[in-house]
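# Structure at a glance
For reference, the chains in residue letters:
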Amino acid sequence: MNIIKKAFGQIDMKWWKVIAFAVVMGVYTGLIALWVSPSSWYHDIAETVERWILPAVFVIVNCKKPLEAALKTFVFFLISQPLVYLVQVPFAEMGWELFKYYKYWFIVTLLTFPGAFIGWFIKKDNILSGLILSVVLVILAGTGVMYVRDCMRGEVSQNLGGAIYCFLVALLLILVILSDLKARLTAALITLAFTAGFFAFKVAKNDPALALNGYLDVGKYGITLDWTASSSDPGVIDAVVGESLSGEPDVKISVYKNGEAVLTLTAPDGKTVSFDASYDKEREPDFKLVEKQ
């Protein structure tokens, strides 16, 4: 633990180190995006923010002043994120079009400047430090809960590693960055309270992984509000006939996990129309609905 503590706070984060670290992370992430299947939690570093929290905190806490932390964290992301896409360009079918996804990461990069400036104060090791650190801990915990939810839906191999990573990094940051008991308790209690609440909201109530409204052309089949919907496997894909936001009839489809189901819509006179519905996160598009003949 002492070695880890030295790595997070006792390294002289010179500019050449920031640039070298940014290049290594950018190339590494680009290769992960190319070589690792999107179905693996390990691939997420190429797509999601929470996996960049640890390297960002590493840069921040090894800076001596808040403005230095803001500048160096900003430059770290300004270099690393375009590199992620640049590494993939020669090998990807999309080629240079990959950079259309950079818009999101450019916004994230801009936000790192004020975020790192404020984040530097976690070095003060007081209650305020615990409050500031809890912001990134909540991001990690929220993502971890989503991984847990998918594990509970049977997608264990794709998500268990992500859940372990998120909660382990959150614990590591509390123990390594903070030493004061009050600071640790502040960060830990906020994170635990959020985790419990988010778990109850997202997992215990069994929220769908995907909710589709307006997907089916109800006018084509003459579907009205007095129709009913049923599923051969509601634990995978379910549907209900209800009102859209405009008050019109709509078939609301809820997808809970990868798999297939037959959705049957029934009119008051007994007329039925059925659809083969399937969901696969690795497929593009990932949801399919085909009328049964």
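Okay, so let's go over this structure. All of these numbers come straight from a predicted model, not from anything done at the bench.

For the rest of this paragraph, the subject is the sheet that holds strand E7 (residues 287–291). Strand order across the open sheet formed by 4 strands is E2-E5-E6-E7, with antiparallel pairing between neighbours. What marks the edges here is a single partner per strand, and that holds for strand E2 (228–231) and E7. Mean inter-strand twist for the sheet, computed between neighbouring axes without regard to direction, equals 25 degrees. With 5 bridges connecting them, strand E6 (residues 272–279) and E7 associate as antiparallel partners. Looking at the pairing, Asp276 lines up with Val290 of E7.

What follows covers the pattern of salt bridges. Throughout the structure, instances matching the rule amount to 5 salt bridges. The partner of Lys14 in a salt bridge is Asp12, with the nearest N and O atoms 3.1 Å apart. Here Lys292 ties to Asp276 by a salt bridge, and the two come within 3.4 Å at their closest N and O atoms. You can see Lys292 sitting in the segment after E7 and its partner Asp276 sitting in strand E6, a full 16 residues away along the chain. The class for Asp276 is partly exposed, based on a relative accessible area of 35%.

What counts, and at which threshold
Residues numbered from 1 in each chain as written. Predicted model: local features only at pLDDT ≥ 70, side-chain atom pairs only at ≥ 80, totals over all residues. Heavy atoms only, no water. Pairing = 2+ DSSP bridges. Helix = DSSP H or I, 4+ residues; strand = E, 2+ residues; numbered from the N terminus. Axes fitted to C-alpha atoms, helices over the stretch in contact; angles between N-to-C directions. Salt bridge = Lys/Arg side-chain N within 4 Å of Asp/Glu carboxyl O. Buried < 20%, exposed > 50% of the residue type's maximum accessible area, 1.4 Å probe, protein only.

Bear in mind that shape data such as this cannot, by itself, settle questions of function.
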